[in-house]
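# Tertiary structure, described
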Amino acid sequence: MYDDDLVGLAVEMAGYLFEATGDLVRLNPDEMPEPEALFTRFVGWTRRTPFT
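Report follows, based on the coordinates.

Right, let's get into the nonpolar core. Leu9, Ala10, Met13, Leu17, Ala20, Leu38, Phe42 and Val43 form the largest nonpolar core, which has eight residues in total. Of all the secondary structure elements, the ones that give two or more residues to this core are α1 (6-27) and α2 (35-42). With five residues, the single largest contributor to this core is α1. With residues up to four places along the chain from it excluded, the contact list for Met13 reads Phe42, Val43, Trp45 and Thr46.

Printed below as a string of C-alpha cells:
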C-alpha cells in the first residue's frame, strides 16, 4: 500500500503515534516512555536512512 509513498506511511504512523500517546497518558500517566522512544517506534523507522 505504501511501497512508493514513504511520506504517506510516515503521516499514517504519526496518526497512530498521536492515538497511542493519548492512550498512554490516560491509562498509565506515571510511566510514560521518552518521546524519542515513541517517535522511533512509530515514525522514525519509516525513514530511508536512520537518524544519527
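Looking now at α1. Here α1 is 22 residues long and its end C-alpha atoms lie 31 Å apart, about the 32 Å a rise of 1.5 Å per residue gives. The complete set of buried residues in α1 reads Gly8, Leu9, Ala10, Met13, Leu17 and Ala20. Contacts from the buried residues of α1 go to α2.

Next up on the list: the packing of α1 against α2. Put simply, α1 and α2 touch, their axes get as near as 9 Å, and they point 140° apart. In terms of orientation, α1 lies oblique with respect to α2. Relative to α2, the crossing made by α1 is right-handed. Of the residues in α2, those in contact with Met13, Tyr16, Leu17, Ala20, Thr21 and Leu24 of α1 are Leu38, Phe39 and Phe42.

Rules behind the numbers
Residues numbered from 1 in each chain as written. Predicted model: local features only at pLDDT ≥ 70, side-chain atom pairs only at ≥ 80, totals over all residues. Heavy atoms only, no water. Core = buried A, V, L, I, M, F, W, Y, C linked by side-chain atoms within 4.5 Å. Buried < 20%, exposed > 50% of the residue type's maximum accessible area, 1.4 Å probe, protein only. Helix = DSSP H or I, 4+ residues; strand = E, 2+ residues; numbered from the N terminus. Contact = heavy atoms within 4.5 Å. Expected span 1.5 Å × (residues − 1). Axes fitted to C-alpha atoms, helices over the stretch in contact; angles between N-to-C directions. Parallel < 35°, antiparallel > 145°, perpendicular 65-115°, else oblique. Left-handed = near helix turned anticlockwise from the far one by under 90°.

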